[in-house]
Amino acid sequence: MSKLPKEPPSHEITPPALYTLRRRELLKNAALFAGTASAVGGGLVWLTGGQAGVADTAGRGAPGGSAAPPVDAPPLPEAAPTPVTSGRDPFVTDEARTAYEDIVSYNNYYELGLSKSEPAANAGRLRLRPWSVACEGEVKKPEVIDLDTLLRWFPLEERVYRMRCVEAWSMVIPWLGFPLAALLRRLDPTSRARYVQFTTLLDPAQLPGQRSDVLDWPYVEGLRIDEAMHPLTLLAVGLYGKSLLGQNGAPLRLVVPWKYGFKGCKSIVSIKLTERQPKTTWSQAAPDEYGFYANVNPAVDHPRWSQASERRIGELRRRRTLPFNGYAEEVAGLYSGMDLRENF
Ligand code: MTE
């Protein structure tokens, strides 16, 4: 691996896999997506032109414009009002929200393209209904559950979380979703269940990046069961009050706000409880760079990106990165006694 400067200017930041990609693979990938551009040309116009948000300077307020949800995703039920807590509320940060148009146009979703803008351009290929999730493994009540059934079972909540990518950029996103714990409780884990594994859809027709060997597909992520049961851990189906778009991991994606963004597995088709720690995509691809835990930690640098600070999308100045992405009060206890340098 060649050496890069420790912290390149943000416009030069290379997505993780690109770094390890050989030029040949890059070219192959470019060819793969070339065909897509014309096929979804109309979608691209819709995505870039239709989603001009009307968020104010602080990025607040509902996104406006004519952004339409994907044709095959029915509207979401209303979110339950977020319970008001006194003082600090970990579920709803009062930091300025990132503008909707940034959240839906600056993405990492390698199955839909390697650049930040390709996932939005290619997302029209994803068929969002019917969609079901196989809930399996070490549970007493395994079941393949239709997404709309999940939406009926679990009331939606709005959670305004910071999201910190290992590439040293961050956003504040008003997600809509339900706690993963609610689903896990219903599945009734066996006493052997120690981890939860999440798997993205495997279908190169819908996710053409899966025709390249940039990563081992399907994308797999995992959590320890206590992390999965933590009240902050969310299965998201929307953001800014709208259905998730393909580029953000529609119709169902994981959100774990104290971990680097790559833990947030997109377009989930399987949730499997396991006895053994799952082999996760990035930690398999580059074990020295991406650990299983991936807790945001300003004291442990990634080989290419200092993790001490971050660039909040929409802001000019860098800001300090906080341990556990600012959620230490809620989650540090999950790791007491663990060496977080070793378990990065
Ligand atoms: N899930 C899948 N299936 N494929 C991906 O490439 N990228 C991850 C994560 N989930 C990724 C994924 C990374 S690196 C990040 S930072 C977040 O998704 C980005 O989420 P966003 O595009 O909604 O901001």
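For the structure itself, look to the data block above.
Cut-off values and rules
- Residues numbered from 1 in each chain as written.
- Predicted model: local features only at pLDDT ≥ 70, side-chain atom pairs only at ≥ 80, totals over all residues.
- Heavy atoms only, no water.
- Pairing = 2+ DSSP bridges.
- Helix = DSSP H or I, 4+ residues; strand = E, 2+ residues; numbered from the N terminus.
- Axes fitted to C-alpha atoms, helices over the stretch in contact; angles between N-to-C directions.
- Contact = heavy atoms within 4.5 Å.
- Near = heavy atom within 4 Å.
- Polar contact = N/O pair within 3.5 Å; in protein donor to acceptor, adjacent residues only side chain to side chain.
- Areas by Shrake-Rupley, 256 points an atom, 1.4 Å probe, with all protein chains shown as cover.
- 1 Å grid on protein atoms, 1.4 Å probe; cavity = no way out; pocket = protein on both sides within 12 Å on 5 of 7 lines; lining within 4 Å.
- Sits in = over half its atoms within 2 Å of the grid points.
- Nonpolar A, V, L, I, M, F, W, Y, C, P; charged D, E, K, R; others polar.
- Buried < 20%, exposed > 50% of the residue type's maximum accessible area, 1.4 Å probe, protein only.

Student: Go over the sheet that holds strand β7 (residues 220-224) with me, naming the residues and quoting the values.
Tutor: Read across the sheet, 5 strands follow the order β3-β2-β11-β6-β7 without closing on themselves; strand pairing throughout is mixed. Every interior strand has two partners, whereas the edge strands, β3 (143-146) and β7, have only one. Put simply, the sheet's adjacent strands are angled 20 degrees from each other on average, direction ignored. Sheet analysis places strand β2 (residues 132-137) next to β3, joined by 4 bridges and oriented antiparallel. Each bridged residue has a counterpart across the sheet, and for S132 the counterpart in β3 is D146. Of the strands in this sheet, β2, β3, β6 (195-200), β7 and β11 (268-274) are in contact with helix α7 (residues 180-187), which crosses β11 at around 60 degrees.

Student: Tell me about the site of the ligand, residues and numbers included.
Tutor: Neighbouring the ligand are 16 residues; N107, Y110, E111, G264 and K266 lie closest to it. N107 places a side-chain nitrogen or oxygen 2.9 Å from an oxygen atom of the ligand. The contact in question runs from an oxygen atom of the ligand to an N or O atom on the side chain of N248, over 3.0 Å. Considering the ligand on its own, with 540 Å² of exposed area, one finds that the protein chains cover 99% of that surface. Of the pockets mapped on this structure, the ligand occupies the largest cavity. Its residues placed into classes, the shell around the ligand shows 6 nonpolar, 7 polar and 3 charged.

Student: Give a description of the pairing of strand β8 (residues 234-239) that names residues and reports values.
Tutor: Counting buried positions along β8 yields 6 of 6 residues, so the element is predominantly enclosed. Sheet topology note: the strand β5 (residues 169-179)/β8 ladder contains 5 bridges and is antiparallel. Its bridge partner being in β8, G177 is matched across the sheet by A236. The sheet contact formed by β8 and strand β10 (residues 253-255) spans 3 bridges and is antiparallel. The partner of A236 across the bridge, within β10, is R253. Linking β8 back to strand β9 (residues 242-243) in an antiparallel pair, the connection comprises 2 residues, with Y240 at a positive phi of about 50 degrees.

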